[in-house]
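In case you want the letters, here they are:
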Amino acid sequence: MTVIAVAQLEPRLGDLPGNLERSVQAIRRAHAAGAEIIVLPELASSGYMFASRAEAYAASEVAGAGPVTTAWRALADELDVIVVAGFPERDGERLYNAAFMAVPHLGTTVYRKVHLWDEEALYFEPGDLGFPVVPTRHGRLGMLICYDGWFPESYRTLALAGADVVCVPTNWVPIPGQRAEASAMAVTLSMAAAHSNGLVIAAAARVGGERGQDFIGQSTIIDHTGWPVAGPADATGITQLLADVDISQIRRSRSWGNFNNPVRDRRPDQYQGLG
């Protein structure tokens, strides 16, 4: 069994030292609770609602060389845990909404958000590294960020590449038609993706608000059958969710009955007009 934690936090826009400390505390809390894979929200190091590209650039860093990603990598080694967290990545003059994965004593991987949401397109470049899958002692791990989850192709690409668990740093926001008594559409989409691809999905969301934008929390860990095994968390609280995951069971039970497997049963020859 592998213990996964998602940390629901409230980053503060532009408070880089404070956000780093909040992330370090969250990682240490999750480790103390037994977590082996720890996921933090999207842009956890910086906050989200940038007013200009200059503000986003000032909050960014080179992956593995800046203070935040260096600290996350050091914590992964110190605590022997896998850390996945969101940050604004600088690559020369280019900026990316990125997720950083540190695997203890092995290395780091960066995922760059492929599908940009709203005004992110003013400051960030669309991701250009594809959808990496990282082999670890806890199985094969992929990453997505927030709006990527609205595209079935994102999860299906990771499933076809052999992923077992998808770590999703996210900043979910209210959408039109959202009912107060219902789970977020993002949770529903995540459940559907887990079910139809046989993947565990660990989504760490944020709470609070910035510059008039509210964030709705509801972090969750979803089993490969499509049902939440932790959460969804509430919409306002800073909290931590943990769940035990059996990687061997994920791989053993992707088929439905004797004849059906939703990944294997695809009919690409019949899917006309898909780009």
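A few points about the pairing of strand E5 (residues 107-112)
Within a regular beta strand, the side chains point alternately toward one face of the sheet and then the other, so they alternate between its two faces. Bridge count for strand E4 (residues 94-103) against E5 is six bridges, and the pairing is antiparallel. Bridge pairing in E5 places Phe 100 opposite Val 110. With antiparallel pairing between neighbouring strands as the criterion, E4 and E5 make up a hairpin whose turn holds three residues, including His 105 at a positive phi of roughly 65°.

A look at the sheet that holds strand E13 (residues 228-230)
Spatially, six strands are ordered E6-E7-E8-E9-E12-E13 in an open sheet, and the strand pairing comes out mixed. Strands at the two margins of the open sheet, each flanked by one partner only, are strand E6 (133-136) and E13. The mean inter-strand angle of the sheet, taken between neighbouring strand axes irrespective of direction, is 25°. Pairing between strand E12 (residues 220-222) and E13: two bridges, direction antiparallel. Pairing of Ile 222 across the sheet is with Pro 228, part of E13. Contacts between helix H5 (residues 152-160) and the sheet are confined to E6, strand E7 (139-143), strand E8 (165-169) and strand E9 (200-204), with E8 contributing the most and set at about 145° to the helix. The sheet contacts of helix H6 (residues 185-197) involve E9, E12 and E13, and relative to E12 the element is tilted by about 20°.

With respect to the side chain of Ser 45
As for its position among the elements, Ser 45 is in the loop between strand E2 (37-39) and helix H2 (53-58). For Ser 45, a relative accessible area of 4% puts it in the buried group. With sequence-adjacent residues up to four places away left out, Ser 45 is seen in contact with Leu 16, Asn 19, Val 68, Trp 72, Gly 86, Phe 87 and Pro 88.

Section: the side chain of Asn 171
Structurally, Asn 171 can be placed in the loop between E8 and H6. Apart from residues lying up to four places away in sequence, Asn 171 is in contact with Pro 41, Glu 42, Tyr 48, Cys 146, Arg 206 and Phe 215.

Looking at the pattern of salt bridges
Two side chains carrying opposite charge are able to pair once their charged atoms lie near each other. This structure, assessed with the given rule, holds 14 salt bridges. A salt bridge links Arg 28 to Glu 78; the shortest N-O distance between them is 3.1 Å. Here Arg 28, found in helix H1 (residues 16-32), pairs with Glu 78, found in helix H3 (residues 67-79); they are 50 residues apart in sequence, far enough to count as distant. Residue Asp 265 is joined to Arg 264 by a salt bridge in which the shortest nitrogen-to-oxygen separation is 3.5 Å. When salt bridges with common partners are traced through the structure, they connect Glu 89, Asp 91, Arg 112 and Asp 128 into a single cluster.

So, how was this worked out
- Residues numbered from 1 in each chain as written.
- Predicted model: local features only at pLDDT ≥ 70, side-chain atom pairs only at ≥ 80, totals over all residues.
- Heavy atoms only, no water.
- Pairing = 2+ DSSP bridges.
- Helix = DSSP H or I, 4+ residues; strand = E, 2+ residues; numbered from the N terminus.
- Axes fitted to C-alpha atoms, helices over the stretch in contact; angles between N-to-C directions.
- Contact = heavy atoms within 4.5 Å.
- Buried < 20%, exposed > 50% of the residue type's maximum accessible area, 1.4 Å probe, protein only.
- Salt bridge = Lys/Arg side-chain N within 4 Å of Asp/Glu carboxyl O.

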